[in-house]
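Coordinate inspection notes
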Amino acid sequence: MTMHPLRGALATAALLALLPPAVFAQTPGPVIAIRDATIVPVTAPRIARGTVLIRGSQIAAVGADVAIPAGATVIDGTGLTVYPGMIDSGTQLGLVEIASVPGSTDTEELGTFNPHNDALTAVNPHSELIPVDRVNGITTVITSAGGGLISGTAALIDLAGWTGAEMAVRPRAGMVVTWPRSGGRGGFGGGGGGRGQQGDAAERVSRQVRELHEYFAEARSYARQKESATAQGTTLPRTDLPFEAMIPVLRGELPVIVNADEAGQIRGALALADSFQIQVIIRGGNEAWRLADTLAARRIPVIVGPLTRVPADDDPYDMIYANPGVLAKAGVVIAFQTDDAADARNLPFHAGLATAYGLDPEQALAALTINPARIWGVDQELGSIEAGKVANLIVTTGDPLDVRTALRHLFIRGTPVELTDRHTKLYEQFRARPKINEQ
Amino acid sequence: MRQVHALVGLALLGLPLGAAAQGPDTSWDPQAGPLATATPAAGTLVAVTNATIMTATRGTIPRGTILIRNGRIAAVGADVTIPAGARIIDAEGKYVTPGIVDAHSHSATEGGVNEGSQSSTAMVRIEDVLRQETMGLYREIAGGVTTLNILHGSANAIGGQSATVKIRWGLPVDSMQMAGAPPGIKFALGENVRRTNRAPQPGQERRYPFTRMGQEEFLRERFTRAREYEAEWTAYEAAVKARKRGEPEPIPPRRDLELDALREVLNGTRLVHAHSYRSDEIAMLVDLAREFGFRVASFQHVLEGYKVANELAAAGSGASTFADNWAYKMEAWDAIPHNAALMAERGIRVSINSDSDERARRLYQEAAKAMRYGGATEEEALRMITLNPAWQLGVDDRIGSIDVGKDADLVIFSGHPFAPGSRVEKTLIDGRVFFDRDQAPTLEHRMQQERNRRRPVPTTSDDSGAQS
């Protein structure tokens, strides 16, 4: 079950892997055919034995009877299954290398309101963490910073590219808001203070919520002033860069990603959406099950996870695991996040845990592929195996939610990516150390 | 310890003992919460039937029965005769594994995980701070964990005395300790001991040792002292024996609780569990232990163990590691998920631990990662959360596999434990069902409860129903 490097019939593909890790031209390029594979397009029924044809960065054809053009690199997919690449809807990938080494982290800016900060600016395209996540089939992620109440924009990036700009699928995919929380529930360690501290926390929360509303209101009046100035053919005397960054949010063009776990936080986010007529995406959502019907009726997506959390002591033991299934059954569009960088490789296993507690496996797969593509507005490009979409594909020995499944091939924008990383290199290096009786 | 043993004995027999007095309670309301769980009846005669049995020692029995008598496994196999009167647990379509053993836990140690005020606190005991009502314990049995090695933290080089605990949920905490298990002690090396990963508390001074060199010298100093202390006692005991009538009583050495524990390490009666990351510090402790004539029972975390697998194998030490954690601090930068499989390949007995109340809930999925990375076999992977940690704790003759004579600590999974979509249905300890999903307070129950609250039962004039 080890990750085998490219080999055998793949000699040509291996050569391709030496090319830049992503190809961006939409023009026809190298042609690769994965044939005789099971294909799970996600948006269409499974094809028991078929071919996926890749031309350049795109999927050129999918089906049981696809003619393979002469000169195509052919990959024998017998016994293997092709899935769309998986999308993690919440990471800090590229912004952090070693969590405890301050010099390697750019995850928290100072200040309370930083809507003009763009996560993409600080993404290190050459982070050692990127290949590690990639070889587990994660091809696209949302990466964003935290800190303060408005942390700036999140970027949707493919996990290949020489620069941040090359990686970007959407340089600004959403505006990150961390909803104030009382801090007494969920999370790690318990602890928590006495009554007095809880009272202080409640006061702090209501003050911060008020500040958020005020900030949105000020940004809105700035936007209105700018609009009327523009209409009169003049400009505002002073440009406010943070408020400028809020304009797409207030126009409803850029969704607000609200990090919120508690029901009260989620209700707060819905109230903000009502007040300012903005798009809201809930992220975290541990208690979203309490509002499942409301969220479904209002078509507000929920990015669940990480599932590697413990519920509060007075909550059901399986609450974190069962929440995604409850939401999906109620008709909420869900996706998953790991809220991590080093651990993003475990994304499919978070979804796997949810299937043990009520989430339908097909919906789990959708929540890793087409659902996030829809949530991030890129479902014309990503999230399923359809002709014309970007060829972000994984070829596996089976169900990607199963820990025991191995990846055999990985394509990002049509280019084969080598299944090696810092870990496989160290593994090979030390596995080659002579054994005791060989020394 | 003898007293504890007696308590456990009573508990096993199902005799009245604190909360145990209630006996099985079929009217129990799951909405009342885990603390209201009825203490299960003693597993005097239980048969788990029609199960796929993953023994951890002899492969998988596709359709078999496990017979439990007085809390121990009395028979396992495809053709087991079930005596009359046995309580039957039908595991049709389900998988049964040995109870999961977590060799690195801090559960139930509320406010007591680190003494840490000096570099050796070998005298302090985890058993003094355990809290039986810690909900983390309940969530762990709901994840199939039955035995924990509860350790101190890693704030200092010698953290204190650990406790081997069986999660007999609902019984008094003293009854959770695994009677007869060898005592253990936590050592720690590297960054945490240096305290370089967190801001110092106001007024906090740096504490020796501050480097890995200092850590070696500190340990050598304590063991040198312990050896001398041992010699003082040996001399005293010899003098007591040799004393003739009329001669004055020899004066005993001054009792030192810290050195008492280290003396047990030197004598091999107390097992060392050593928090470690980098290969250099692992090699250092392997050598130091050899110098003082003891064996480190388990290196904990041991994320670079794969680099010194030869040395670990030669020392006969176990390795208890994470499945795939990495990059959370400098000394975890070279951690690889192939570590467990690679060390196992070199002959080391490897376990996969949690070090977290959260991870402990899904160790059965963590173990599968040893198959994914490095190609461990299914049974090897299963042993990494059962028999191997039991061996590291010195209790593999009693738990860790489904074999006749062992404690009936079992997990019944809805499907293959390594498959996604499988969950724990029942967890048995000593043949008693301490977790049963059918009776557990689940999210589904909670939602039903809240629906009922929102829609109160309409009042009617029909009083024919005798409901209350």
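Owing to the predicted nature of the structure, the values given are computational and were not obtained by experimental measurement. (Residues numbered from 1 in each chain as written. Chains lettered and ligands numbered in written order. Predicted model: local features only at pLDDT ≥ 70, side-chain atom pairs only at ≥ 80, totals over all residues.)

**A short note on the overall build of chain B**
Along chain B, the regular secondary structure elements total 12 helices and 16 strands. In terms of overall size, chain B behaves like a compact globule, its C-alpha atoms giving a radius of gyration of 24 Å where 468 residues would be expected to give roughly 23 Å. Taken along the three principal axes of its C-alpha coordinates, chain B extends 85 × 60 × 55 Å. Within chain B, the proportion of its 468 residues that are buried is 54%. For chain B, the share of sequence-separated contacts (at least 6 apart) that also reach a separation of at least 24 residues comes to 69%. (Helix = DSSP H or I, 4+ residues; strand = E, 2+ residues; numbered from the N terminus. Rg over C-alpha atoms; globule rule 2.2 N^0.38 Å. Buried ≥ 20, exposed ≤ 12 C-beta atoms within 10 Å, placed from the backbone. Contact = placed C-beta atoms within 7 Å.)

**So, the overall build of chain A**
If you tally the helices and strands in chain A, you get 12 helices and 16 strands. Within the span of chain A, comprising 439 residues, buried residues form 52% of the whole. Restricting the contact set of chain A to residue pairs at least 6 apart, pairs at least 24 apart contribute 71%.

**Details of the environment of B:Leu387**
Residues and elements named next belong to chain B. Examined against the element boundaries, Leu387 turns out to sit in helix H11 (residues 387-392). The buried category is assigned to Leu387, around which 25 C-beta atoms lie within 10 Å. Each C-alpha atom, one on Leu387 and one on Ala56, is 7.0 Å from the other, the two residues being 331 residues apart in sequence. In this structure Leu387 touches Ala56, Thr57, Asp396, Gly400 and Ser401, once residues within four positions along its chain are discounted.

**Observations concerning the sheet that holds strand S13 (residues 334-336) of chain A**
Residues and elements named next belong to chain A. If you trace the eight strands from one edge of the open sheet to the other, you get S6-S7-S8-S9-S10-S11-S12-S13, paired in mixed fashion. If you trace the sheet from one side to the other, it starts and ends with strand S6 (86-91) and S13, each paired once. Sheet twist, expressed as the mean angle between neighbouring strand axes with direction ignored, is 30°. Contacts between helix H8 (residues 319-330) and the sheet are confined to strand S12 (302-304) and S13, with S12 contributing the most and set at about 155° to the helix. (Pairing = 2+ DSSP bridges. Axes fitted to C-alpha atoms, helices over the stretch in contact; angles between N-to-C directions.)

**Things to note about the packing of helix H4 (residues 212-242) of chain B against helix H6 (residues 279-292) of chain B**
Residues and elements named next belong to chain B. In contact at an axis separation of 11 Å, H4 and H6 are set at 15° when each is read in the N-to-C sense. Between H4 and H6, the angle is such that the two are roughly parallel. Note that H4 runs across H6; the crossing there is right-handed. Contacts between H4 and H6 involve Arg212, Glu216, Leu219, Arg220, Phe223 and Arg227 on the former and, on the latter, Asp280, Glu281, Met284, Leu288 and Phe292. When its residues are assigned to classes, the contact of H4 with H6 shows five nonpolar, no polar and six charged. (Parallel < 35°, antiparallel > 145°, perpendicular 65-115°, else oblique. Left-handed = near helix turned anticlockwise from the far one by under 90°. Nonpolar A, V, L, I, M, F, W, Y, C, P; charged D, E, K, R; others polar.)

**Overview of the pairing of strand S3 (residues 72-77) of chain B**
All names here are of chain B. With five bridges connecting them, strand S2 (residues 60-69) and S3 associate as antiparallel partners. For Ile66, the partnering residue across the bridge sits in S3 and is Val76. From the end of S2 to the start of S3, which pair antiparallel, there are two residues, and Asn70 there has a positive phi angle of about 50°.

**Some remarks on the environment of A:Leu410**
Residue and element names in this part refer to chain A. Structurally, Leu410 can be placed in strand S15 (residues 407-412). Along the chain, Leu410 and Leu393 lie 17 residues apart, while their C-alpha atoms are 5.9 Å from each other. In this view, Leu410 contacts Arg134, Val135, Gly137, Ile394, Val417 and Leu419; residues no more than four positions away in its chain are not counted.

**Focus: the nonpolar core**
A:Ile282, B:Ile66 and B:Val96 are the most contacted members of the largest nonpolar core, which totals 256 residues. The greatest single-element share of this core, amounting to seven residues, is contributed by H8(A). The residues touching B:Val96, leaving out its near neighbours within four places in the chain, are B:Val48, B:Ala51, B:Thr52, B:Ile53, B:Met54, B:Ile66, B:Ala91, B:Leu410, B:Val411 and B:Ile412. (Core = buried A, V, L, I, M, F, W, Y, C linked by C-beta atoms within 7 Å.)

**Concerning helix H9 (residues 347-356) of chain A**
Residues spaced three or four apart along an α-helix face the same direction, because each turn holds 3.6 residues. The element H9(A) is extensively covered by neighbouring structure, given that 10 of its 10 residues are classed as buried. Listed in full, the buried residues belonging to H9(A) are A:Leu347, A:Pro348, A:Phe349, A:His350, A:Ala351, A:Gly352, A:Leu353, A:Ala354, A:Thr355 and A:Ala356. Looking at the buried residues of H9(A), the elements they touch are S6, strand S7 (138-143), H8, S13 and helix H10 (361-366) of chain A together with helix H9 (363-372) of chain B.

**Some remarks on the sheet that holds strand S8 (residues 158-166) of chain B**
All names here are of chain B. Sheet architecture is open: eight strands sit in the order S6-S7-S8-S9-S10-S11-S12-S13, paired in mixed fashion. The open sheet is flanked by strand S6 (100-105) and strand S13 (350-352), the only strands paired with a single partner. Averaged over all pairs of adjacent strands, the angle between their axes in this sheet comes to 25°, without regard to strand direction. Bridging between S6 and strand S7 (residues 145-150) involves four bridges; their strand directions are parallel. Among the inter-strand pairings, Val101 is bridged to a residue of S7, identified as Thr147.

**Things to note about the interface of chain A and chain B**
Listed per partner, the contact involves 40 residues of chain A and 45 residues of chain B. Of all the elements in the fold, those that place two or more residues in the side of chain A that touches chain B are H8, H9 and helix H12 (422-431) of chain A. Within the side of chain A that touches chain B, the residues separate by chemical class into 25 nonpolar, six polar and nine charged.

**Points about the pairing of strand S14 (residues 410-413) of chain B**
Residue and element names in this part refer to chain B. Here S14 shows no split at all, with Leu410 and Ile412 on one side and Val411 and Phe413 on the other all buried. Where strand S5 (residues 95-98) lies against S14, four bridges are found, and the strand directions are antiparallel. Note that in S14 the partner of Val96 across the bridge is Ile412. Sheet topology note: the S14/strand S15 (residues 424-429) ladder contains four bridges and is antiparallel. Across the sheet, the residue bridging to Ile412 is Lys426, located in S15.

**Some details on the environment of B:Leu137**
All names here are of chain B. With respect to the helices, strands and loops of the structure, Leu137 is situated in helix H2 (residues 135-141). Residue classification places Leu137 among the buried residues on the basis of 28 C-beta atoms within 10 Å. As a C-alpha pair, Leu137 and Arg361 span 224 residues in sequence and 9.6 Å in three-dimensional space. In this structure Leu137 touches Ser107, Ala108, Ile167 and Trp169, once residues within four positions along its chain are discounted.

**Some details on the packing of H4(B) against helix H5 (residues 257-267) of chain B**
All names here are of chain B. Closest axis-to-axis distance for the H4/H5 pair is 9 Å, and the angle between their directions is 90°. The orientation of H4 relative to H5 falls into the category roughly perpendicular. Residues Arg222, Phe223, Arg225, Ala226, Arg227, Tyr229 and Glu230 of H4 lie in contact with H5, whose contacting residues are Leu259, Leu262, Arg263 and Leu266. Within the contact of H4 with H5, the residues separate by chemical class into six nonpolar, no polar and five charged.

**Here's the deal with unusual backbone geometry**
That bond from A:Gly305 to A:Pro306 is cis: its omega, -5°, falls within 30 degrees of zero. On the secondary structure map, A:Pro306 appears in the loop between S12 and H8. Of the consecutive residues B:Tyr208 and B:Pro209, the connecting peptide bond is found in the cis state with omega at 0°. With respect to the element layout, B:Pro209 can be found in the loop between helix H3 (191-194) and H4. If you check the backbone angles, A:Gln277 has positive phi at about 50° while not being a glycine. With respect to the helices and strands, the residue A:Gln277 is situated in the loop between helix H6 (263-276) and strand S11 (280-284). With 10 C-beta atoms packed within 10 Å, A:Gln277 lands in the exposed category. With a phi close to 50°, A:Arg413 is a non-glycine residue in the positive phi region. Note that A:Arg413 resides in the loop between S15 and strand S16 (415-416).

**A look at the confidence of the model for chain A**
Interpreting fine coordinate detail is not advised for predicted regions of low pLDDT. Residues and elements named next belong to chain A. Mean pLDDT over chain A stands at 92; residues scoring 70 or higher make up 90%. Across chain A, the element-wise mean pLDDT spans from 43 in helix H1 (residues 11-17) up to 99 in S13. Overall, residues 1-27 carries pLDDT values under 50, and its contacts beyond four positions in sequence, including any with other chains, amount to 63 contacts. Here residues 184-195 is modelled with pLDDT under 50, and outside its nearest four sequence neighbours on either side it reaches 12 contacts, counting other chains as well. (pLDDT = per-residue confidence, 0-100.)

**Focus: the confidence of the model for chain B**
Residue and element names in this part refer to chain B. Scored by pLDDT, chain B comes out at a mean of 91, with 90% of its residues at no less than 70. Note that pLDDT drops below 50 for residues 1-27; the model gives that stretch 39 contacts with residues more than four away or on any other chain. When the criterion is pLDDT under 50, residues 463-468 qualifies, and its contacts beyond four places in sequence or with other chains add up to zero contacts. Among the scores for the predicted complex, ipTM is 0.91 and pTM is 0.91.

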